[in-house]
Structure formats: C-alpha cells, structure tokens
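Read off the chains here:
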Amino acid sequence: QVQLVESGGGLVQPGGSLRLSCAASGSLFSIRTMGWYRQAPGKEREIVAAISWTFGNTNYADSVKGRFTISRDNAKKTMYLQMNSLKPEDTAVYYCKLYDNVMDYWGKGTLVTVSS
C-alpha cells in the first residue's frame, strides 16, 4: 500500500501565500510522476501542476502559471506546491496524486481557503 499525506492548507487572505506538502510512504518501488489537483465546491477536480520525478519537468494549469511552483525532494519522497498571490478562486480542496508506472494513488486532500 502507498500512502500520501497532504499538509499545509489553511485560511489565507487574498494576495497571501501557502506551501503545501505531500509525503509518500509505504510499498513504493518507483515514482514516475506526482501532481497537485484541486476541487472547488460544485466543480470538477482539475489539475493544478505536475512534476516528473526523475528529471523534474513541470507543467502548470494556465490559471496558476507564474503564481504557483511545484517541486519535489526525491530523498524525502515529498512533493511541494508553493502558492503565491493567492486569489479567492484558488479556494478548493487540494489533492496530491502519485503515478508509479502501474497505477494512480491519491491523498485525502487539504483545504485551502482564500478569503478576507
């Protein structure tokens, strides 16, 4: 079994910053990619950013480009999402996903609320 645990969510004012973490553990043989997704109330889950584990190649949704930065620590098997210049429309539950060349694993999510 693979476990993913997200942390770092919370309440922040517009224009503020948060850093999310996702720690992977368990029967993990390899990681191909990891990514951050989010789901706002009444909306479908959408991808925010993804990173290839070996080379660190990154991709971002247009809505977060220039504001969010995805990164990873291979040794700690942890992925991060630095979120700057947060907007109310960034409010959502943020999930991390891991793909190990066989299947996807999901964390339980962490809530980010951007409000004054």
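Everything below is about the structure printed above this text.
Every value quoted in this text rests on a predicted model; they were computed, and no experiment measured them.

A.B. asks: Let's hear about the packing of aromatic side chains: which residues, and what values?
C.D. replies: Counted under the stated rule, the structure contains one aromatic pair. The ring centre of tyrosine 80 lies 4.0 Å from the NZ or CZ of arginine 19, which sits over that ring. Taking NZ or CZ as reference, arginine 45 lies 4.7 Å from the ring centre of tryptophan 106, over its face.

A.B. asks: Mind laying out the sheet that holds strand E7 (residues 68-73), listing which residues take part and the relevant values?
C.D. replies: Spatial strand order, E1-E3-E8-E7: four strands in an open sheet with antiparallel pairing. Both edges of this open sheet fall to strand E1 (2-7) and E7, since each of them pairs with a single strand only. Within the sheet, the average angular offset between the axes of one strand and its neighbour, ignoring direction, is 15°. Sheet analysis places E1 next to strand E3 (residues 18-26), joined by six bridges and oriented antiparallel. The residue of E3 that forms the bridge with serine 7 is serine 21.

A.B. asks: Got a sec to walk through the side chain of lysine 97? Specific residues and values, please.
C.D. replies: Mapped onto the fold, lysine 97 is located in strand E9 (residues 92-99). For lysine 97, a relative accessible area of 16% translates into the label buried. Looking at lysine 97, its side chain comes within polar contact range of the side chain of tyrosine 37, at 3.1 Å. In this view, lysine 97 contacts Leu4, Thr33, Met34, Gly35, Tyr37, Asp104, Tyr105 and Trp106; residues no more than four positions away in its chain are not counted.

A.B. asks: Requested: an account of the environment of glutamate 46, with residues and values cited.
C.D. replies: By the element assignment, glutamate 46 lies in strand E5 (residues 46-52). Residue class for glutamate 46 comes out partly exposed when judged on its relative accessible area of 36%. Linking glutamate 46 and glycine 109, residues 63 residues apart in sequence, is a C-alpha distance of 13 Å. Among residues more than four places away in sequence, those in contact with glutamate 46 are Tyr37 and Arg38. In terms of polar contacts, glutamate 46 uses its side chain to reach the side chain of arginine 38, at 2.7 Å.

Conventions we followed
Residues numbered from 1 in each chain as written. Predicted model: local features only at pLDDT ≥ 70, side-chain atom pairs only at ≥ 80, totals over all residues. Heavy atoms only, no water. Phe/Tyr/Trp six-rings, centres within 6.5 Å; stacked < 30°, edge-to-face > 60°. Lys NZ or Arg CZ within 6 Å of the ring centre and 35° of its normal. Pairing = 2+ DSSP bridges. Helix = DSSP H or I, 4+ residues; strand = E, 2+ residues; numbered from the N terminus. Axes fitted to C-alpha atoms, helices over the stretch in contact; angles between N-to-C directions. Buried < 20%, exposed > 50% of the residue type's maximum accessible area, 1.4 Å probe, protein only. Polar contact = N/O pair within 3.5 Å; in protein donor to acceptor, adjacent residues only side chain to side chain. Contact = heavy atoms within 4.5 Å.

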